[in-house]
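# A look at the structure
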Amino acid sequence: MNELNRFSLQRRQLLAAVAATTATVATPQAWSQNAGRVLRVGHQKGWLSILKGRGTLEKRLAPLGVKVTWTEFNAGPVQLEALNVGSIDFGDVGEAPPIFAQAAGAPLVYAGATVPRPALEAVIVPSGSPIRSVADLKGKRVAYNKGSNVQYFLVKLLEKNGLKYGDVQSIFLAPADARAAFERGAIDAWIIWDPFLAAAQKQLDARLLVDATGVVNNRAYYFTSRDFATKNADVLRIAIEEVNAIDTWVSKNKDAAAAELSAVLGLDKSITDLYLSRARFGTAPVTREILSEQQAIADTFFDLKLIPKKLNLLHAAPVDLL
């Protein structure tokens, strides 16, 4: 099953999840009967979870008569399908899922982007591996999540080191399966992002071969729908400001943030300490330059036949950029 089909087939999972959370998420009919506006946030375990716990977004939006609801999802693609079926208005995601969402016709608009965070994704090998350089990956079994940001990282990393994409044996595995394969020695290298990366280093004695510094930017994104963005630019501006406020707090309070994040993620604090030690912080509205980075990813995925058509990322630009 290709990634675009996988994105579309997640609709059944989404509808079941939405049905299970009707106590906290109202129906569209109910929203239309309310006098005030509603910002329906979809989130994964992470920084938006901490923002939810703070309650600061609700406080900022209350004077505007805007209510905030929260629904947790286990992955970015499911969040984007929720956007596609009109169940959420705002969420967080990595670089790759929005490409597939746009290719599938979702009414996606980029609302914000983090600063580049290249150290948060890397190629790792077992501690005793003879692999010492990118050149040594030639012919080796390299595992990664197909259609993800790390696949793009691999393509660009090989190009930078004079290799072709076909010079390695690509093993497509989700993070949990890749970790299991890494532990039993079924793969030679694993390309993964934090906090899975930090967990592998701390728990599996994995050796970091190379991270994405100087290769790709590895931003995270916040998204909305075109209809919501057109009608609620003020709400989105405040949402991005509050996300950035969390970023600013984390950058100045890494020990406390690592403790809070470890509780959210269910990971040992030593793992979140390592994760935050190499993270960069800051979130702002999306610019044309940032969209050009996404355009490069979309073009690469089209060349790899992961999406069926070429995309124009300006079709997903913030409304005030058009």
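Everything that follows concerns the structure shown earlier in this document.
The shown structure was predicted, so the numbers you read here are calculated from the model rather than taken from an experiment.

### A few points about the side chain of Arg207
Residue position: Arg207 is located in strand E9 (residues 207–211). For the buried Arg207, no salt bridge is present, and the opposite-charge side chain at shortest range is Asp136, 7.7 Å distant. Among the polar contacts listed, one links the side chain of Arg207 to the backbone oxygen of Ile131, at a separation of 3.1 Å. The residues touching Arg207, leaving out its near neighbours within four places in the chain, are Val123, Ile124, Val125, Pro126, Ser127, Ser129, Ile131 and Arg132.

### Remarks on the sheet that holds strand E11 (residues 283–284)
Strand order across the open sheet formed by 4 strands is E3-E10-E4-E11, with antiparallel pairing between neighbours. Of all strands in the sheet, those bounded by a partner on one side alone are strand E3 (91–93) and E11. In the sheet, strand E4 (residues 108–114) pairs with strand E10 (residues 221–225) via 5 bridges, with the strands oriented antiparallel. Opposite Leu108, over in E10, you have Ser225 as the bridge partner. Contacts from helix H6 (residues 76–84) reach E3, E4 and E10 within the one sheet, and its direction differs from that of E10 by about 20 degrees.

### A word on the packing of aromatic side chains
Counted according to the given criterion, the structure contains 6 aromatic pairs. Geometrically, the ring pair formed by Tyr110 and Tyr221 is edge-to-face, given 5.1 Å between the ring centres and 70 degrees between the ring planes. Within this pair, whereas Tyr110 is found in strand E4, its partner Tyr221 is found in strand E10, the two being separated by 111 residues in sequence. Across the pair, exposure class does not vary: Tyr110 and Tyr221 are buried alike. Ring centres of Phe182 and Trp190 lie 5.9 Å apart, and the angle between their planes is 50 degrees; on these two criteria the pair is classed as tilted. Residue placement shows Arg54 over the ring face of Trp249; its charged tip is 4.4 Å from the ring centre.

The rules we used
Residues numbered from 1 in each chain as written. Predicted model: local features only at pLDDT ≥ 70, side-chain atom pairs only at ≥ 80, totals over all residues. Heavy atoms only, no water. Helix = DSSP H or I, 4+ residues; strand = E, 2+ residues; numbered from the N terminus. Buried < 20%, exposed > 50% of the residue type's maximum accessible area, 1.4 Å probe, protein only. Lys, Arg positive; Asp, Glu negative; His and termini not counted. Salt bridge = Lys/Arg side-chain N within 4 Å of Asp/Glu carboxyl O. Polar contact = N/O pair within 3.5 Å; in protein donor to acceptor, adjacent residues only side chain to side chain. Contact = heavy atoms within 4.5 Å. Pairing = 2+ DSSP bridges. Axes fitted to C-alpha atoms, helices over the stretch in contact; angles between N-to-C directions. Phe/Tyr/Trp six-rings, centres within 6.5 Å; stacked < 30°, edge-to-face > 60°. Lys NZ or Arg CZ within 6 Å of the ring centre and 35° of its normal.

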